[in-house]
Amino acid sequence: MVEQPWRCSNCEQLHHGLFDLACFAPDYWKEEEVYEPNASLRLDGDFLSEDFCVLGGEYFFVRCVALIPVVGMKETFGFGVWSSLSRTNFEKYIEKFDTGFDVDQGPWFGWLSNRLKNYPDTLALPCDVYPQPKRKRPHLVVTGYEHPLALDIRDGMAPEKLLEIYEANGHCPERPAEKPSSHGWRGLFGLRK
């Protein structure tokens, strides 16, 4: 079944089924929301690019993806989040960023550095950061908890919960781009009743 396209009532974009969401920066970033080029990376002071963040030359972060299966779908929802890393692992990450990682690199310990809407507090949850080959962003897995985010990453989430997450982040499928499906939200994601 092909999912029904829908136009978001807030962002006005036409969506087809799942789309990923991303946090702009770690929640600890209090400066202007402007990215510098990755090539300008500085390990002292404050720095923010699409992939790296440094605070005061003491705290180091990388952008990751928390991959969350959606029950009944082949696609996986991706939440772009930030994790802290030790300086040692941050430097390893930078060293291999352009050339890629060996399969035996990582995981590295980190702390989830964003609060995600529609979850109990996620800031500072322990996580593992898995570097990926070919300049793909590392995968993040929440560890050591029965936190709802950890459970969703491990077991998957219901499509209804994904719609709630979209709505909490400003995406509302209130105006379908085509004739509304008789299957409601299931029609949006191409699922059968």
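Residues numbered from 1 in each chain as written. Predicted model: local features only at pLDDT ≥ 70, side-chain atom pairs only at ≥ 80, totals over all residues. Heavy atoms only, no water.

(A) How the structure looks around the overall build of the protein. In terms of regular secondary structure, the protein is built from 4 helices and 11 strands. Looking at the protein as a whole, 45% of its 193 residues qualify as buried. Long-range contacts, defined here as pairs at least 24 residues apart, represent 57% of the contacts in the protein between residues at least 6 apart. A total accessible area of about 10,200 Å² is found for the protein, and carbon and sulfur atoms account for 49% of it. (Helix = DSSP H or I, 4+ residues; strand = E, 2+ residues; numbered from the N terminus. Buried < 20%, exposed > 50% of the residue type's maximum accessible area, 1.4 Å probe, protein only. Contact = heavy atoms within 4.5 Å. Areas by Shrake-Rupley, 256 points an atom, 1.4 Å probe, with all protein chains shown as cover.)

(B) How the structure looks around the nonpolar core. Ranked by size, the top nonpolar core spans 46 residues in total, and within it Phe77, Phe79, Val81, Leu140, Leu149, Met157 and Tyr166 carry the most contacts. Counting residues per element, this core draws most heavily on strand β6 (residues 59–69), at 6 residues. Look past the residues within four positions of phenylalanine 77 in its chain and what remains in contact with it is Leu18, Phe19, Asp20, Leu21, Ala66, Leu67, Ile68, Val70, Met157, Leu162, Ile165 and Tyr166. (Core = buried A, V, L, I, M, F, W, Y, C linked by side-chain atoms within 4.5 Å.)

(C) Expanded view of helix α2 (residues 148–155). Residues of α2 that are buried include every one of Leu149, Ala150, Asp152 and Ile153, and no others. Around the axis of α2, the buried residues are gathered within 160 degrees of arc, so they sit on the same side. Remark: glycine 156 follows α2 within two positions and exhibits a positive phi of approximately 95 degrees. (Arc of directions from axis to C-beta.)

(D) Just the pairing of strand β7 (residues 76–85), in detail. Across the 10 residues of β7, 9 count as buried, placing the element largely inside the fold. Pairing of strand β3 (residues 21–22) with β7, which is carried by 2 bridges, proceeds in the parallel orientation. Bridge pairing links alanine 22 to glycine 80 in β7. Bridge count between β6 and β7: 10 bridges; the pairing is antiparallel. Following the sheet pairing, arginine 63 is matched in β7 by tryptophan 82. (Pairing = 2+ DSSP bridges.)

That's the geometry; what it means functionally is another story.
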